[in-house]
Amino acid sequence: MKQKAGWHVLVFLAPALAIYTAFSAWPLLATLRLGLYGTDDVGHVTFIGLGNFHRLLFEEHWFGAFRNAMVNNIEFFAIHTLVQNPVALLLAALLSLRGVRGAAAYRTVLFLPTLLSVVIIGFTWQLILSPLWGVTEKLMTAVGLGDAFGPWLGQEDTALPTIALISVWQFVGIPLMLIYAALIAIPEEIIEAAAVEGASPWRIFWTIRLPLILPTLGLVNILTFVGNFNAFDLIYAVKGALAGPNFSTDLLGTLFYRTFFGYQSEMGSATMGAALATLMFLVILCGVGLYFFVIQRRLQRFAS
Amino acid sequence: MNAHASLRRAGALGRTTLVHLTLGGYCLLVLAPILLVLLNSFKTRQGIFDDPLGWPAKATLSLAGYGKVLGDAAVGHMFVNSAIVTGVSLAAILLLGAMAAWALTEYGFFGNRVLALFLAFGIMVPIRLGSVAILQEMVALNLVNTLTALMLVYIAQGLPLAVMILSEFIAQVPQELKDAARCDGVGEYRIFFQVVLPLIRPAVATVAVFTMVPIWNDLWFPLILAPSEETQTITLGVQQFVGQFATDWNAVLAALSLAVLPILVLYAVFSRQLIRGITAGAVK
């Protein structure tokens, strides 16, 4: 039974609500609104309806950049999903085995990169992969793979996957921990009952544990999705705002930054930036909506 | 029978070895890049390039990079900036977040659920998407290139998750405790500050770590709201420094090491608590 409210409720609630509204909710709405305005050559801002979106989606100059960033972003997310889920699942499953010595130490180390700044991680890998320094080439030569080495971060076709893998390397700790927590929360009796029935550990994993942690996997992937579709820091640290070579690592986040602030001879535009932010918002909203109304519901029904 | 048992034991041993090889191997993949940077930050340029994998020896030992980074007076200043921004934002998020969580879980009033949903929206939608209007707002408030601008944005960014997590814990505070206090005529403010807040301290610590890391590491808002020399945070500072001295490997490696070390030390101290927080009590 909840307590009746009095003036004190306002005192408790008002500061948080005021700051959140003024600096998060309102700016988001104002940005969505600003996307419907245009800036003319002398800087006057006027209402132009869907004009900005028409330019972004139908003018080749804008659409080319948007399509490139969108396709790259999808690839970025796909690599995250394909690599991070199996790796996190494998490591979490091993960690959650009973009687693994040093599990706490492993856990601590595996989570470490997550805490470091993306800037530091980006530069660190840039040095390690640098052909100038040659550490990676030396190591690969030592195991007979010297020929396979290339300046991955500098080549158009390999730069984006390389950066995506760096990002996975850094953030795999989060899915790992969430999956691990879900795995050890499974009641021991269920596993024991299956073992008594003669099910192999492998079978127990696939038919009991995995279905039970599917909701967690769903959550992990939507978090990754949201993170990936407004990613900026890593690309900016490793490749700069121009997301080279030749925009091959451009994501929506870096495109948004350039559109808003401008770059080289191109002038920045707040209204075009706002329109692009609106599109990013819609993409994220679609993903989150799909997750909440379709995937999460199914997974929960499946798990229960 | 005996042979069977020993075969099984051998199988178990093989399995254990495989488990440790996999986990250990991945840990190596995690640690190696960080160690490589730390190791080479203590070497001469010659040493860095000739033998990147070796330990710093007498001939290759050099602290030139550290000298250059620490000699730059701005570094200390950036560090202070980051500490102020993170510290103030964190304190405000925890206090205001706990107060809001208490109001939403304890009291029934019109619009309660709508407000909870309104706050929850901020968990999923990145605050970055509002950057254009945030910058305009800060310009209008004359807050561009101030630490206050960063703090306000980070507080707004951190509140939704803090309110959600703290609400769950506040809901578990036993009803009898609150009833007893109310029977004794204790006011609602004192109930919150003297009964509830001490009880949810562990949850507050967890939220603190979650909230602190993204603020300390953020590059986006310092870059757009406070890029001036006066207000640069350490994360933005490292980014600019490394960009500027890209060819000075000693300085770059030293700067990266200096940026990593505080986090390594903090993590060594708090890792148990942090991981317990993430796995939400499932790990004993």
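Please read all numbers here as calculations on a predicted model, not as lab measurements. (Residues numbered from 1 in each chain as written. Chains lettered and ligands numbered in written order. Predicted model: local features only at pLDDT ≥ 70, side-chain atom pairs only at ≥ 80, totals over all residues.)

**Remarks on the overall build of chain A**
So the rule is basically this: Helix numbers and strand numbers start at the N terminus; a helix is a DSSP run of H or I with at least 4 residues, a strand a run of E with at least 2. Counting other C-beta atoms within 10 Å of a residue's own tells you its class, since 20 or more makes it buried, 12 or fewer makes it exposed, and anything in between is partly exposed; those C-beta atoms are placed from the backbone. By the convention adopted here, residues make contact when the C-beta atoms placed from their backbones lie within 7 Å.
Within chain A, the regular secondary structure consists of 13 helices and five strands. Looking at chain A as a whole, 38% of its 304 residues qualify as buried. The long-range share in chain A, meaning contacts at least 24 apart out of those at least 6 apart in sequence, stands at 66%.

**Topic: the overall build of chain B**
To keep it simple, the criterion reads: A radius of gyration in this sense is built from C-alpha atoms; the matching globule rule multiplies 2.2 Å by the number of residues raised to 0.38.
When you go through chain B residue by residue, the secondary structure sums to 13 helices and one strand. Counting from the amino terminus, chain B carries its helices and strands in the arrangement α-α-α-α-β-α-α-α-α-α-α-α-α-α. Computed over C-alpha atoms, the radius of gyration of chain B comes to 25 Å, more than 25% over the 19 Å expected from 2.2 N^0.38 for 284 residues, which places it beyond the range of a compact globule. Dimensions along the principal axes, computed over C-alpha positions, put chain B at roughly 80 × 75 × 35 Å. In chain B, buried positions account for 41% of the 284 residues. Considering only contacts within chain B whose residues lie at least 6 apart along the sequence, 74% involve residues at least 24 apart.

**Some details on the confidence of the model for chain B**
Residues and elements named next belong to chain B. Keep this limit in mind: The quantity known as pLDDT measures the predictor's confidence residue by residue, on a range of 0 to 100.
For chain B, per-residue confidence averages 88 on the pLDDT scale, and 97% of positions sit at 70 or higher. The secondary-structure element of chain B with the lowest mean pLDDT is helix H13 (residues 249–278), recorded at 82, while helix H6 (residues 131–140) shows the highest, at 96. Note on the complex model: pTM 0.91, ipTM 0.89.

**Focus on the domain arrangement of chain B**
Where interface size is quoted, it is often the accessible area lost as the parts come together. The test is simple: Here the limits of each domain have been adopted from an automatic or database domain assignment.
Each domain of chain B was delimited in the assignment, giving domain 1 (2–64) and domain 2 (73–244). Between the C-alpha centres of domain 1 of chain B and domain 2 of chain B the distance comes to 39 Å.

**Here we look at the interface of chain B and chain A**
Basically, it comes down to this: Gly counts as polar in this scheme, as do all residues outside two lists: the nonpolar Ala, Val, Leu, Ile, Met, Phe, Trp, Tyr, Cys and Pro, and the charged Asp, Glu, Lys and Arg.
Contacts between the two partners involve 65 residues from chain B and, on the opposite side, 64 residues from chain A. Among the elements that line the side of chain B that touches chain A, the one with the most residues is helix H1 (residues 2–40) of chain B, at 10 residues. When the residues that make up the side of chain B that touches chain A are grouped by side-chain class, the tally is 50 nonpolar, 11 polar and four charged.

**What to know about the nonpolar core**
We count it as follows: In this description, a nonpolar core means buried residues of the types Ala, Val, Leu, Ile, Met, Phe, Trp, Tyr and Cys, linked to one another by C-beta atoms lying within 7 Å.
Within the largest apolar cluster, 154 residues are counted, with the highest numbers of intra-cluster contacts made by Ile179(A), Ala100(B), Leu150(B), Val153(B), Leu159(B), Leu166(B) and Ala255(B). Among the elements that make up this core, the one with the highest residue count is helix H7 (residues 147–170) of chain B (16 residues). Here this core spans two domains, since at least three of its residues come from each of domain 1 (2–64) and domain 2 (73–244) of chain B. Not counting the four nearest positions on each side in its chain, Leu166(B) is found in contact with Gly97(B), Ala98(B), Ala101(B), Ile200(B), Ala203(B) and Val207(B).

**Observations concerning the packing of helix H3 (residues 60–95) of chain A against helix H10 (residues 201–229) of chain A**
All names here are of chain A. Put simply, the test is: Note on method: axes are straight lines fitted to C-alpha atoms, helices fitted across the in-contact stretch only, with angles between N-to-C directions ranging 0 to 180 degrees. Left-handed is the label given to a crossing in which the near helix is rotated counterclockwise from the far helix by less than a right angle, and right-handed is the label when the rotation is clockwise.
Two numbers describe how H3 lies on H10: the axes approach to 10 Å, and their chain directions differ by 145 degrees. Considering how the two elements wind past one another, H3 and H10 form a crossing that is right-handed. Of the residues in H10, those in contact with Asn73, Phe76, Phe77, His80, Thr81, Gln84, Asn85 and Ala93 of H3 are Phe205, Leu217, Asn221, Thr224, Phe225, Asn228 and Phe229. Grouping the constituent residues of the contact of H3 with H10 by class yields seven nonpolar, eight polar and no charged.

**Some remarks on unusual backbone geometry**
The residue after Gly244(A), namely Pro245(A), is reached through a cis peptide bond having omega -10 degrees. By the secondary structure assignment, Pro245(A) is in the loop between helix H11 (233–239) and helix H12 (252–261). Positive phi values are uncommon outside glycine, yet Ala243(A) reaches one of about 50 degrees. Relative to the helices and strands, Ala243(A) is located in the loop between H11 and H12. Despite not being glycine, Asn145(B) shows a phi value in the positive range, around 60 degrees. With respect to the helices and strands, the residue Asn145(B) is situated in the loop between H6 and H7. On the basis of neighbour counts, which here come to 16 C-beta atoms within 10 Å, the residue Asn145(B) falls in the partly exposed class.

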